[in-house]
Amino acid sequence: MEENTRRDLSAYFGPIFKITGGFADNREKRELVKQIPAKAAWEVDGKNVPLRELLLSDAVDTTLIQTAVYDTIVKGACPAQACRNAFQVWPMKSNAMTVNIGATKGYALKTAEGAEVPITTEHPTSATITCDKFTARAEITQEMIDDAVVPVIQYELETAGLICENALNRMVLDDVIAETVVIHHDCAGANLGMSSIGGAKGLMTGVNLNGTDLLMCPEYAAVLMREFTPATGYFELGDTAKTGRLGTLFGVNLHLCNAIPTSLSVANFSYNSDGDIGAYLIDKSAAGAIGMRQDITTVDYKNPIRDLVGMVVKMRMGYTHFNHSALCGIEY
């Protein structure tokens, strides 16, 4: 017999909200729980209890709606996740963290047996990650709750999550654009798609770095997608043409970033004309790191229903770069 499993509660936000909020009578409850798979479970006192059973019980676990709300916020953030996947993410225990930056290229020294290992860098480089707080408010009104307008409430929660994730993307993107990027691959208006990734990766390999991840703007992604368009008269579509998911190319993980840089120069992250930088090839191990003091969370969320009104979602995070050469800008 298959065991009950803990699932993402955002999928069942509607029935959980209506039942825990007291918006359904017994007959309506029985109909609402049918939207939840029988095997979906929740842990109570170390045991997995079916969600249906919990929601139909006299004493409903109020943490269900709190978890459903949080899962819905995170669900909204997921489509925007780009920089957190392209760069390292380090937990922070305070508002600032200083790290020493080791050598990212070169060679180890030949050292005699028993001899002291020489210090190759007298003054190692350091970088400090300083976190800032970013907030968004879910525009949920008391009237929405009183009327149990579930789709609108879900939409507002997802939007708050999306806004926070895009703040992370823009924070990193602003730093990347402001950096003195040493390496550029200039397409000169030709070979703008997959070939550009190969060219950029070759440049990074030449300085003993690895192009592991690609942060790309929507226009650059569109150019790549065109290369997967079937030829005229050929009607068998590949996985990329069917799903729109580009996956991995030349061993490089692709990340679509919809965030718009704070900089007024759109050319820093677009791909339409000469001089535009449409993507950045990244060596994830050397480019920089996101410091995460507090990932997406809610503020003062105690009452499961009442505190949904004007709910505040926040993040505390920072970013700093390490090696300028660990980024290669791909120019149109």
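The notes below deal with the structure included here. (Residues numbered from 1 in each chain as written. Predicted model: local features only at pLDDT ≥ 70, side-chain atom pairs only at ≥ 80, totals over all residues. Heavy atoms only, no water.)

Along the protein chain, the regular secondary structure elements total 10 helices and 15 strands. Within the protein chain, the fraction of its 332 residues that count as buried is 42%. When contacts within the protein chain are restricted to residue pairs at least 6 apart in sequence, long-range pairs at least 24 apart make up 80% of them. (Helix = DSSP H or I, 4+ residues; strand = E, 2+ residues; numbered from the N terminus. Buried < 20%, exposed > 50% of the residue type's maximum accessible area, 1.4 Å probe, protein only. Contact = heavy atoms within 4.5 Å.)

Here we take up the sheet that holds strand S10 (residues 248–249). Whether parallel or antiparallel, the strands of a sheet pair through hydrogen bonds between backbone atoms. Ordered by their spatial adjacency, 6 strands build an open sheet running S8-S15-S12-S9-S11-S10, and the pairing between neighbours is mixed. Taken across any chain shown, the strands that pair with only one partner, and hence form the sheet edges, are strand S8 (183–186) and S10. Pairing geometry for strand S12 (residues 277–282) and strand S15 (residues 327–331), over 5 bridges, is antiparallel. Looking at S15, one finds that Ala279 is bridged to Ile330. Of the strands in this sheet, S8, strand S9 (213–216), S10, strand S11 (252–256), S12 and S15 touch helix H8 (residues 194–205), which is tilted by about 145° from S15. Strands in contact with helix H9 (residues 218–226) are S9, S10, S11, S12 and S15; relative to S9, the strand with the most contacts, it is inclined by about 115°. (Pairing = 2+ DSSP bridges. Axes fitted to C-alpha atoms, helices over the stretch in contact; angles between N-to-C directions.)

Approximately 160 Å³ is the volume attributed to the largest pocket. Taken together, Met216, Ala221, Met225, Gly244, Arg245, Leu246, Gly247, Leu254 and Leu256 form the lining of the largest pocket. Of all the elements in the fold, those that place two or more residues in the lining of the largest pocket are H9 and S11. When the residues that make up the lining of the largest pocket are grouped by side-chain class, the tally is 6 nonpolar, 2 polar and 1 charged. (1 Å grid on protein atoms, 1.4 Å probe; cavity = no way out; pocket = protein on both sides within 12 Å on 5 of 7 lines; lining within 4 Å. Points joined across faces, edges and corners; volume = space filled by probe spheres on them. Nonpolar A, V, L, I, M, F, W, Y, C, P; charged D, E, K, R; others polar.)

This part is about unusual backbone geometry. Phi is positive for Ala148, close to 50°, though the residue is something other than glycine. Along the chain, Ala148 falls in the loop between helix H6 (142–146) and helix H7 (150–178). A positive phi angle, near 50°, is found at Ala188, a position not held by glycine. For Ala188, the position within the fold is in the loop between S8 and H8.

Viewed as axis vectors pointing N to C, helix H1 (residues 13–20) and H7 meet at an angle of 115°, and their least axial separation amounts to 10 Å. The pairing of H1 with H7 is recorded here as roughly perpendicular in orientation. By crossing handedness, the relation of H1 to H7 is classed as right-handed. From H1, Phe13, Gly14, Phe17 and Lys18 reach across to H7, where they touch Val150, Ile153, Gln154 and Leu157. (Parallel < 35°, antiparallel > 145°, perpendicular 65-115°, else oblique. Left-handed = near helix turned anticlockwise from the far one by under 90°.)

As a further point, take the pattern of salt bridges. For the coordinates displayed, the defined rule picks out 4 salt bridges. Among the salt bridges present, the one from Glu158 reaches Lys75, with a minimum N-O distance of 3.8 Å. Taken together, the residues span a long stretch of sequence, with Glu158 in helix H7 and Lys75 in helix H4 (residues 63–77) at a distance of 83 residues. Since its relative accessible area comes to 40%, Lys75 is described here as partly exposed. With its nearest N and O atoms 3.0 Å apart, the salt bridge here joins Asp295 to Arg84. With Asp295 in strand S13 (residues 288–298) and Arg84 in helix H5 (residues 83–86), this pair connects stretches of sequence that are 211 residues apart. Each member of the salt-bridge network shares a partner with another, and the members are Arg84, Glu165 and Asp295. (Salt bridge = Lys/Arg side-chain N within 4 Å of Asp/Glu carboxyl O.)

Note on placement: Lys133 falls in strand S7 (residues 132–137). Since its relative accessible area comes to 58%, Lys133 is described here as exposed. For the pair Lys133 and Arg316, spaced 183 residues apart in the sequence, the C-alpha separation amounts to 4.3 Å. The residues touching Lys133, leaving out its near neighbours within four places in the chain, are Lys314, Met315 and Arg316.

Attention now moves to the sheet that holds S7. Taking strand neighbours across the sheet as the criterion, the 4 strands line up as S4-S13-S14-S7 in an open arrangement whose pairing is mixed. With one partner strand each, in any of the chains shown, strand S4 (88–91) and S7 form the two edges of the open sheet. The average undirected angle you get between the axes of adjacent strands in this sheet is 35°. The sheet strands contacting H4 are S13 and strand S14 (312–321), and the helix crosses S13 at an angle near 140°. Of the strands in this sheet, S7, S13 and S14 touch H7, which is tilted by about 15° from S14.

What follows deals with the environment of Thr125. Here Thr125 lies in strand S6 (residues 125–130). The exposure class assigned to Thr125 is partly exposed, which follows from its relative accessible area of 48%. Sequence separation of Thr125 and Phe322 is 197 residues, and the distance between their C-alpha atoms is 8.9 Å.

Moving on, we get to the nonpolar core. In this structure, Phe17, Phe87, Leu157, Leu214 and Tyr220 are the most contacted members of the largest nonpolar core, which totals 89 residues. Looking at this core element by element, the count peaks at 12 residues for H7. Among all residues touching Leu214, those that are not within four sequence positions of it are Ile197, Tyr220, Val252, Asn253, Leu254, His255, Ala279, Tyr280, Leu281 and Ile330. Met92, Ala127, Ile129 and Cys131 belong to the second largest nonpolar core, which has 8 residues in total. (Core = buried A, V, L, I, M, F, W, Y, C linked by side-chain atoms within 4.5 Å.)

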